[in-house]
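# Coordinates in review
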Number of protein chains: 4
Amino acid sequence: MLSFESDYTEGAHEAILKRLVETNREQTPGYGADPYCEAAKAKIAAACRCPEADIYFLTGGTQTNQTVIDSLLENYEGVVAAESGHVNVHEAGAIELTGHKVLALAQKEGKLAAETVSAYLKAFYEDGSHEHMVFPGMVYISHPTELGTLYTKAELAALSRVCGEYKIPLYLDGARLGYGLMSLDTDVTLEDIARFCDVFYIGGTKVGALFGEAVVFTKNNAPRQFVTQIKQHGALLAKGRLLGLQFDTLFTDGLYFTISRQAILMADRLKKGLKEKKIPFLIDSPTNQQFAVLENDTLRRLSSQVGFSVWEPVDENHTAVRFATSWATTAEMVDQLLALL
Amino acid sequence: MLSFESDYTEGAHEAILKRLVETNREQTPGYGADPYCEAAKAKIAAACRCPEADIYFLTGGTQTNQTVIDSLLENYEGVVAAESGHVNVHEAGAIELTGHKVLALAQKEGKLAAETVSAYLKAFYEDGSHEHMVFPGMVYISHPTELGTLYTKAELAALSRVCGEYKIPLYLDGARLGYGLMSLDTDVTLEDIARFCDVFYIGGTKVGALFGEAVVFTKNNAPRQFVTQIKQHGALLAKGRLLGLQFDTLFTDGLYFTISRQAILMADRLKKGLKEKKIPFLIDSPTNQQFAVLENDTLRRLSSQVGFSVWEPVDENHTAVRFATSWATTAEMVDQLLALL
Amino acid sequence: MLSFESDYTEGAHEAILKRLVETNREQTPGYGADPYCEAAKAKIAAACRCPEADIYFLTGGTQTNQTVIDSLLENYEGVVAAESGHVNVHEAGAIELTGHKVLALAQKEGKLAAETVSAYLKAFYEDGSHEHMVFPGMVYISHPTELGTLYTKAELAALSRVCGEYKIPLYLDGARLGYGLMSLDTDVTLEDIARFCDVFYIGGTKVGALFGEAVVFTKNNAPRQFVTQIKQHGALLAKGRLLGLQFDTLFTDGLYFTISRQAILMADRLKKGLKEKKIPFLIDSPTNQQFAVLENDTLRRLSSQVGFSVWEPVDENHTAVRFATSWATTAEMVDQLLALL
Amino acid sequence: MLSFESDYTEGAHEAILKRLVETNREQTPGYGADPYCEAAKAKIAAACRCPEADIYFLTGGTQTNQTVIDSLLENYEGVVAAESGHVNVHEAGAIELTGHKVLALAQKEGKLAAETVSAYLKAFYEDGSHEHMVFPGMVYISHPTELGTLYTKAELAALSRVCGEYKIPLYLDGARLGYGLMSLDTDVTLEDIARFCDVFYIGGTKVGALFGEAVVFTKNNAPRQFVTQIKQHGALLAKGRLLGLQFDTLFTDGLYFTISRQAILMADRLKKGLKEKKIPFLIDSPTNQQFAVLENDTLRRLSSQVGFSVWEPVDENHTAVRFATSWATTAEMVDQLLALL
């Protein structure tokens, strides 16, 4: 059955499979100490125009968030995030497992405003009882957000300024980063992200890889003994070269961007199609996740014909659903979906 | 350069790559709710003759140990293990990260004797101050051990009895399980392991897979909400089908056993060759890891020609090294190594 | 300088000191295994009309919350609390340190409504992605709340019903329980609390003791090996009899209630005095904490003459402050404060 | 019944009770921000001849070890301790609860030799796989040890040198520090301890106080936001002045030392008496804990007449027991015990 349920329903881009096959019997050292990881790091650093970047590869998003956040925070600190942030809602308490609180702030369309963060930090330090409270030790944002929305360059700059003022790192979860960067409606580049963030990760799992996320510490600021900390969090892949090889492929000849663009074009095709059918949107998303509001009858009928995510009830007769495109989505698939609506 | 450094230097068995390629564009639900995982579980349960088994797939060994142990222990309990056990020495404190102590007991050739465990448990409960001590909540063993040695069926049965007497689970780390089961010198079958252990894992990473471990709860005794706990530990793979597909392949037509046998035959060829050259062994290992004692001059010369692990100094002029064979090792590779010695 | 800063500015009720002096050279076993603890437990169980109660004594409130909550929750569970709850705001992340999330819900006047909890639990289990979320494992309330307000008997009964429906315990933080029970405006008795809650604690630190909180598991439901868990959390007092002796004294001849009543009468005297002076209140508190709204000029002048807590700014010219009475407050002290306003 | 079971069977030295009574109705700020804590800190710093000391008061020993060790270690570090160390055996896993491993090394008479630590650290950094191991982040010793033995000045100096070489702190658990310093057979002064250790605590609970331990960071090296970390560990006493007042009393006119000396003289009286009766010792302890080897018949008879701790079986007919004297032990009590043997 055709599915728009998520951007991780298929395997990997064929260029990756090809290289897996080609290099299969090569022998390399484990745990990331191999030439493929080295090559991938160099290409990513170049793409970020950030030669001093420290780069590490992990397997999945929750794992990456858990390891990076726990490693960067002091014992007495928590991570500031949007109430709707992945670390606050959909990681089963992975952050708290490592002893840290998620300090959830109000969001708008999935985004955390610099003003909100700034007001929170100011109030925290003015509060006479803050010695009994969890210190805000870093700021976590996702780009695109859980709702597919994007920060503008000005918004990122403002967040970066606030973090700088309070000397806490800004961390960007880029599980779907490619789809953000290739949006038709963004002024933010990879280079901007490397400049504004202290650490971020480039998502592979949802953008063409079998699995894998590339963590970039942009200011030569990787936590001490970070490989040991990755191991401690159960996140060190024995055959680390699998990660290096995938990212090396994705960052050769701009493949990461090309395939991300494909997802965006397909999302745009879908968006236009939905508009033509007068189907309203829950939110105006410029990326690969489209949130349509369907009549419940339509939803029921459609659910036996195509895969998608039920997002949230809108009113008695309407429900918001999510259609996700990906690097693997074709025009035929989109047209097939539209034909069913 | 030829390498016997570990059993994770190559990619995966080609049958696995083939299926990855074949199924690549299929769309499946994420997080293990796909038909490949279902099929793999059925095949593993059948291979274990354990129809009531609860089976889950995780990515790596440390991750698996951390998640399983944390999920099975009560807050006030620790895990009993050999001093040389992987969880005690080489997981960077992954068990302690989740709040649990490793209760390390004396070992012999990497093995934990039932008598040792029994004496410890008896003494614990007789100690007047045990209310101030960490309760022994499970027993962890690895098979093969870190030193390549194997438990006999009688030894496993005895450990199982002790655990049963104290009502604590017996957990077997099978990172290299295939190499144990296919040893030329073992009376232990997969079925025995399923019968004697409350939970164990079948290692894929070191036995033909790109990555992956299959956790088997043998008595319908998976921890409550185990998927959530996997997620919480950062260990839930988005494209879970990759794990299902690999184990489905490995447990089709006995591939797991066939390729494990290959590693054992190669280890045996190496062992015989070393013996012919009068090279002594640190320990008599019946599995894929062979621990040879080299003269330091030989070691230095060899290290520029072939990869291996330096294990430990034996005396001023000798050092123990480890040569690991794997499913990917060929007779030519072994002969090449022997020719260099 | 006269102080209304908190209810822990003095030592202990003199009856406690007297008994400390009288029994000082008696020799008793440590860690709570002494006759004073036994006697105190019997008296508390009787006062709660809860003969099957399991009772333990700890030193302070945060310690008690941390130990009780960690012991009752499963790994994958969090504690539901009001956004303003002590565990969410003022315990420096003590709950998260033990690996659990505080699931903060909207509150009204410091109270968590049964409807809010019920709606949350319902939505949680209906959410298709709840397997990736922290499970709500217990409900935490405080009585009186952080704002001095009280639940009614009907409100407690409703919360108890919701918890019962979802089979999760209701835990009541009674750091200031005496002041709640002796309020002039409450229909809730100690017996009610023992009936509605699965566990609660009777605060001693703020109600006449030097320190100490009595945890009551009302349904013979103390966590397994709870003494060990107390020890593990660094919360087991060597000279446990100090806790027993204090609670034995407080629960002899109703001393706990008599001295709580004194605080309430003094709060009422203060409240009336403030009303006469037309000083408005931030909230209408029926307990020992009174939240008055002062002009900033008044606040500044007053702060050099008397101790109190600055609560929060109300508008540009006004600030809410907290005056706390306690068992040690006298009419003279209240009149002295009123004379300064 | 007369008891030599431990050094925490009585209340507190009467000078402490007297001051508790005298100051009872004084009003002071909470959480240690009171003049008694200030005064006590000044007196302790002076006694240590360590004007730059950062001093904090906590309630009990396990709590102190847990909070100090967790605060000083990096995420990826563990604490090196003797196998017999309190943190390794008798704290119910309090260290592991905070995510850190206890790296247990062989001991002799309860003591950790500098050579043992040095060899361990050297081997750790030489081990090619140490990136997968827990980093040794501090060294924990107790003085007196669990077996009543004492380090010499030379031994402390050597441990201090090793720690300095590897840039990790040396932490001394002084739960019974007074009894160590006043031993008739020691060359170690409080000043020495302040000089050799990076942090240590002066035990109050077992040495004349109702409860309380004074943590001394000797090199202006208290962890950042340490009060918040104390709170986070549930270890911040609301009425902090109780701790200040007790230590202020103990460090006025040398009371801490005078009463410690009394325990030592009584232990010496007991030791001589036991020797006269030809009762052998398990170990030659120069402090307040005496470990005698009794015939099992004697043990049985004695146990109905006097309190003591059963330590460990020695052979079929003999058992080692512990008699502890304290500041509260009188010559009459010792003579009464001796008369029973």
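Residues numbered from 1 in each chain as written. Chains lettered and ligands numbered in written order. Predicted model: local features only at pLDDT ≥ 70, side-chain atom pairs only at ≥ 80, totals over all residues. Heavy atoms only, no water.

Now for the interface of chain A and chain D. Interface size, as often reported, equals the accessible area lost upon joining of the parts. With 19 residues of chain A at the interface, the matching set in chain D holds 19 residues. Taking both partners together, chain A and chain D bury about 1800 Å²; carbon and sulfur atoms supply 51% of that area. Considering only the surface of chain A that becomes buried against chain D, Asn 75, Tyr 76 and His 132 of chain A emerge as the three largest contributors, covering 36% of it. Viewed at the interface, chain D and chain A are joined by two salt bridges. Arg 224 of chain A is paired through a salt bridge with Glu 74 of chain D; the nearest N and O atoms lie 3.0 Å apart. At the junction of chain A and chain D, the tally comes to ten residue pairs in polar contact (both at pLDDT 80 or more). By residue number, the principal contributor to the side of chain A that touches chain D is helix 10 (residues 226–232) of chain A, which donates five residues. Split by residue class, the side of chain A that touches chain D holds six nonpolar, eight polar and five charged. (Contact = heavy atoms within 4.5 Å. Buried area = accessible area lost by both parts, 1.4 Å probe. Salt bridge = Lys/Arg side-chain N within 4 Å of Asp/Glu carboxyl O. Polar contact = N/O pair within 3.5 Å; in protein donor to acceptor, adjacent residues only side chain to side chain. Helix = DSSP H or I, 4+ residues; strand = E, 2+ residues; numbered from the N terminus. Nonpolar A, V, L, I, M, F, W, Y, C, P; charged D, E, K, R; others polar.)

Bringing helix 7 (residues 153–166) of chain C into the picture now. All names here are of chain C. A rise of 1.5 Å per residue sets the reference length of helix 7, with its 14 residues, at 20 Å; its end C-alpha atoms lie 20 Å apart and thus fit the reference within 8%. Those residues of helix 7 lying buried are Leu 156, Ala 157, Ala 158, Leu 159, Ser 160, Val 162 and Cys 163. Where helix 7 is buried, its residues meet helix 6 (114–126), strand 4 (135–142), strand 5 (170–174) and helix 9 (190–196). (Expected span 1.5 Å × (residues − 1). Buried < 20%, exposed > 50% of the residue type's maximum accessible area, 1.4 Å probe, protein only.)

Of the transformation placing chain B onto chain A, the axial shift is 0.0 Å and the rotation is 180°, giving an RMSD of 0.0 Å. Seen this way, the second copy is the image of the first under a two-fold rotation axis. Most of the interface of chain B is mirrored in chain A, where 100% of its interface residues again form contacts. (Least-squares fit on C-alpha atoms with pLDDT ≥ 70 in both.)

Okay, the relation of the copies chain A and chain D next. The operation relating chain A to chain D is a screw motion whose rotation component is 180°, with 0.0 Å of axial translation and a residual RMSD of 0.0 Å. When the interface residues of chain A are mapped onto chain D, 100% of them again fall at the interface, so both copies present the same face.

Attention shifts here to the pairing of strand 1 (residues 54–58) of chain D. Residue and element names in this part refer to chain D. Here strand 1 lies mainly inside the structure; five of its five residues are buried. As paired elements, strand 1 and strand 7 (residues 213–217) share five bridges and run antiparallel to each other. The partner of Leu 58 across the bridge, within strand 7, is Glu 213. (Pairing = 2+ DSSP bridges.)

Across all of its chains, the model carries 72 salt bridges over all chains by this definition. Residue Arg 176 of chain C is joined to Asp 7 of chain C by a salt bridge in which the shortest nitrogen-to-oxygen separation is 2.6 Å. One end of the pair, Arg 176 of chain C, is in the loop between strand 5 and helix 8 (177–181); the other, Asp 7 of chain C, is in the segment before helix 1 (14–22), with 169 residues separating them in the sequence. Relative accessible area serves as the criterion here: at 8%, Arg 176 of chain C is assigned to the buried category. Classification of Asp 7 of chain C as buried rests on a relative accessible area of 0%. Three or more residues are tied together by salt bridges with common partners; here these are Arg 19, Lys 43 and Asp 248 of chain A.

Attention now goes to the interface of chain B and chain A. Listed by partner, the interface residues are 48 residues for chain B and 48 residues for chain A. Carbon and sulfur atoms make up 54% of the surface buried where chain B meets chain A, a total of about 4100 Å² over both sides. At the boundary of chain B with chain A, the tally comes to two salt bridges. Connecting chain B to chain A are 33 residue pairs in polar contact (both at pLDDT 80 or more). Where the side of chain B that touches chain A is concerned, the elements lending two or more residues are helix 1 (14–22), helix 3 (61–72), helix 5 (94–97), helix 10 (226–232) and helix 11 (241–250) of chain B. Among the residues forming the side of chain B that touches chain A, the class breakdown is 20 nonpolar, 19 polar and nine charged.

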